[in-house]
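Given next are the chains, with one letter for each unit.
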Amino acid sequence: MPRTDVAIVFVKQLLRELVAEIPRRVLYAIVGVAAFLLITFLYFNTFSLLVTRSNNKAISEIKDTLGETRQEIDKIRAELKQAREESAIMRSSLSLPETVVKNYGPGVGLIYGTYYFVDPRVGREVRFREGGAGDNPIGPSGEVLLTAEGNGRSYEIEFIGTGFIVEKGLILTNRHVVHAWEEDDLTSLIRMRGYRPRLREVFAYFPQVREPFPLRVVEVMQDQDVALCRFEPTEESPLPILPLEEDLDRVISGQQMVLIGYPAGLEGLVARFTDRGRTATRNFGNLSFRMQLNELASNGRIRPQATQGYISDVSPQLTYDARTDEGGSGGPVFGSSGRVIGINQAILFNSQASTTFGVPIRFGIELLRKHSATAMRAAKRLNPAG
């Protein structure tokens, strides 16, 4: 038999003898202590497992609660942000008219001009027939009481509108303001006789400027009611350049807008700066429009009016509810951004309300860029080496 097996047998025998020598009470005590220790170990392990599970559940519930709390906090933050934005929009809406009038009103001018007719067949200015009375160029039966012959009184038509500065020395307005004959049914009858309209003079009167600026029409759009005019500004009278909105996505329906111009024309200016408008005749008598405007300008009384409303449509024309009138044509339409989004064009009256239309400013920007490109080409022709 191998030595290892002999050793194992010897140890087993020794253990049996030792156990046999131990009293039964001591043996039971040892077994009891061992059982107690085993049970205690199992108890504490089981208790620890249950506590761990309970703690994990509590931690999970706390995490869920914290997550919900964070969501509520984020929701409250979003609501506060929205409230602040709405409050800012409200403050901006309330201050928009005041802001644009204060900052850009001096750059909005009243345009005054006159035009006459010529007979291209003889190259002479058309006049009233000699000996004729009255100022109506159309007779009772519809005949035109004008002729290129003789030395009768000159037939001249005055017009008023609005324009605004978009670059130094450049003004945007409507085509029908500087080509006023295009919107006049009376002159249409005269043109049917073959007579052609010609501008005699055009001036721009600006707030805070005592003298008018002569204007020259440099560009017109045939498919849109937009015209560009030039004047020679002076260093003594710096005038603001109005900012133009080039981001079309910022012009939307429902947006607040402000319109600046001279909707009541000369009569409105006279009425605002006389005794309730009732002493205008006594103050100005039978002076021509230009002389009356010169008088108002010399006294610092050329001031535009502002009306506000909301945009209802943006394509193909701007449509809004701000009130205006004939003299307001060509005025700037400001959006909520404080930039010009359109050129005031026309108003439609009905029994319920009035609707005003404007040309989107993108057409004005297009005309301005066209003029700039033309000017650059002309400069290169004059100075090829440059």
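Procedures and definitions
Residues numbered from 1 in each chain as written. Predicted model: local features only at pLDDT ≥ 70, side-chain atom pairs only at ≥ 80, totals over all residues. Heavy atoms only, no water. Helix = DSSP H or I, 4+ residues; strand = E, 2+ residues; numbered from the N terminus. Contact = heavy atoms within 4.5 Å. Areas by Shrake-Rupley, 256 points an atom, 1.4 Å probe, with all protein chains shown as cover. Pairing = 2+ DSSP bridges. Buried < 20%, exposed > 50% of the residue type's maximum accessible area, 1.4 Å probe, protein only. Arc of directions from axis to C-beta. Polar contact = N/O pair within 3.5 Å; in protein donor to acceptor, adjacent residues only side chain to side chain. pLDDT = per-residue confidence, 0-100. Axes fitted to C-alpha atoms, helices over the stretch in contact; angles between N-to-C directions. Parallel < 35°, antiparallel > 145°, perpendicular 65-115°, else oblique. Left-handed = near helix turned anticlockwise from the far one by under 90°. Nonpolar A, V, L, I, M, F, W, Y, C, P; charged D, E, K, R; others polar. Patch = residues over 30% accessible without salt bridge, like charges linked within 9 Å, V, L, I, M, F, W, Y side chains within 5 Å. Salt bridge = Lys/Arg side-chain N within 4 Å of Asp/Glu carboxyl O. Lys, Arg positive; Asp, Glu negative; His and termini not counted. Charge placed at Lys NZ, Arg CZ, Asp CG, Glu CD. Core = buried A, V, L, I, M, F, W, Y, C linked by side-chain atoms within 4.5 Å.

**Examining the overall build of the protein**
Then step 1. From N to C terminus, the protein includes eight helices and 16 strands.
Then step 2. In the protein, the share of contacts with a sequence separation of at least 24, taken over all contacts with a separation of at least 6, comes to 72%.
Then step 3. Just so you have it, the protein exposes about 23800 Å², and 54% of that area is on carbon and sulfur atoms.

**Considerations on the pairing of strand β9 (residues 216–220)**
Then step 1. Of the pairings in the sheet, the one linking β9 to strand β10 (residues 227–230) comprises four bridges and is antiparallel in character. Bridge pairing in β10 links Val 217 to Cys 229.
Then step 2. The antiparallel pairing of β9 with β10 creates a hairpin that spans six residues between the two strands.

**Considering helix α7 (residues 289–298)**
Then step 1. Taken residue by residue, α7 has Gln 292, Leu 293, Leu 296 and Ala 297 as its buried positions. The buried side chains of α7 occupy one side of the element, clustering within an arc of 135 degrees when seen end-on.
Then step 2. Gly 300 sits one or two positions beyond α7 and adopts a positive phi of about 65 degrees.

**Things to note about the side chain of Thr 356**
Then step 1. Looking at the element boundaries, Thr 356 is found in strand β16 (residues 354–360).
Then step 2. A polar contact is formed between the side chain of Thr 356 and the backbone oxygen of Ala 322, at a distance of 2.8 Å.
Then step 3. Excluding its chain neighbours within four sequence positions, the residues that come into contact with Thr 356 are Leu 318, Thr 319, Tyr 320, Ala 322, Thr 324, Asn 344, Ala 346 and Ile 347.

**Things to note about unusual backbone geometry**
Then step 1. Put simply, Ser 315 and Pro 316 share a cis peptide bond, and its omega is 0 degrees.
Then step 2. As for its placement among the helices and strands, Pro 316 is situated in the loop between β12 (305–313) and β13 (318–320).
Then step 3. Positive phi, close to 70 degrees, is recorded for Gln 208, a residue that is not glycine.
Then step 4. Looking at the element boundaries, Gln 208 is found in the loop between β7 (196–205) and β8 (213–214).

**A look at the confidence of the model for the protein**
Then step 1. With 88% of its residues at a pLDDT of 70 or more, the protein shows a mean pLDDT of 85.
Then step 2. Here residues 276–282 is a poorly scored stretch, pLDDT under 50, and it has six contacts once near neighbours within four places are set aside; other chains count.

**What about the packing of helix α5 (residues 265–272) against α7?**
Then step 1. It is at 11 Å that the axes of α5 and α7 come closest, and there the two elements cross at 40 degrees. Taken together, the axes of α5 and α7 lie oblique to each other. With respect to the hand of their crossing, α5 and α7 are arranged in left-handed fashion. Every residue of α7 that contacts α5 at Leu 266, Leu 269 and Val 270 is listed here: Phe 289, Gln 292, Leu 293 and Leu 296.
Then step 2. In terms of residue class, the contact of α5 with α7 is made up of six nonpolar, one polar and no charged.

**Quick notes on a negative patch on the surface**
Then step 1. On the surface, a cluster of negative charge is made up of Glu 61, Asp 64, Glu 68, Glu 72 and Glu 79.
Then step 2. Checked against the element boundaries, Glu 72 lands in helix α2 (residues 24–104).

**Concerning the nonpolar core**
Then step 1. By size, the foremost hydrophobic cluster in this structure holds 36 residues, and its most contacted members are Phe 164 and Leu 293.
Then step 2. When residues in this core are grouped by element, the largest group, five residues, is from helix α8 (residues 361–382).
Then step 3. Residues Val 178, Ala 180, Phe 231 and Leu 239 belong to the second largest nonpolar core, which totals 29 residues.

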